[in-house]
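# Fold and contact review
Spelled out from the first residue to the last, the chains are:
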Amino acid sequence: MKNKATQIIRNTAVNIGRLLMAATFIFSGYVKAIDPLGTQYKLADYLQAMGIGSLLPEWTLLVGAVLLAALEFSLGIFLLFAIRRHLVSRIVLALMSIMTLLTLWIVIANPVKDCGCFGDAIKLTNGETLAKNIVLLVCARAVAGRKSIAHARLTDAFSNRRPRRFIIPVPRSVRFMP
């Protein structure tokens, strides 16, 4: 009984984390899509701080800003509706790992004053951005670490504890072939 209660609490925590990430990604992608030029300027600030600002033309930064907004919004929608949960959760985990490391550098070096995560809608300091990214990274790790129900059933089916029978549905046209 305790194992079932623990599983329910764990599933609830994972789903809360998934919904928190979905809301954050949808809002961030939406704000960046409303103001792609602002995102372009923020990307230019980051590249300038890294010393590689003059390597890329401005139109590539604008394309990058639009693609970043589309990626964040799409990942948020996929998380919200649990579409391709494992693939999306691993992509989000990789993205949040990269963004957390980038934010850690921003907190230490302080090259820009505002992260630009939510455009002009919400201004976060570098420390607040790092805290937000750490929370989202923990949520992403929890969601990515969760095994699917189908995987759990398949694992149970092949375990030695409980033998189960598989019934493979075969279409009639194949059953009666000469």
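Residues numbered from 1 in each chain as written. Predicted model: local features only at pLDDT ≥ 70, side-chain atom pairs only at ≥ 80, totals over all residues. Heavy atoms only, no water.

Tallying secondary structure elements over the protein chain gives 7 helices and 0 strands in all. For the protein chain, the sequential pattern of α-helices and β-strands runs α-α-α-α-α-α-α. Out of the 178 residues belonging to the protein chain, those deemed buried represent 30%. When contacts within the protein chain are restricted to residue pairs at least 6 apart in sequence, those whose partners lie at least 24 apart make up 70%. (Helix = DSSP H or I, 4+ residues; strand = E, 2+ residues; numbered from the N terminus. Buried < 20%, exposed > 50% of the residue type's maximum accessible area, 1.4 Å probe, protein only. Contact = heavy atoms within 4.5 Å.)

Below, the discussion takes up helix H2 (residues 36–50). With 15 residues, H2 extends 21 Å between its outermost C-alpha atoms, agreeing within 8% with the 21 Å of an ideal straight helix rising 1.5 Å per residue. Among the residues of H2, Thr39, Gln40, Lys42, Tyr46 and Leu47 are the ones counted as buried. Buried residues in H2, looked at end-on, bunch into an arc of 165 degrees, giving them a common side. Exposed side chains of H2 directed beyond 90 degrees from the buried face belong to Tyr41 and Gln48. Looking one or two residues beyond H2, the residue adopting positive phi is Gly51, at roughly 85 degrees. (Expected span 1.5 Å × (residues − 1). Arc of directions from axis to C-beta.)

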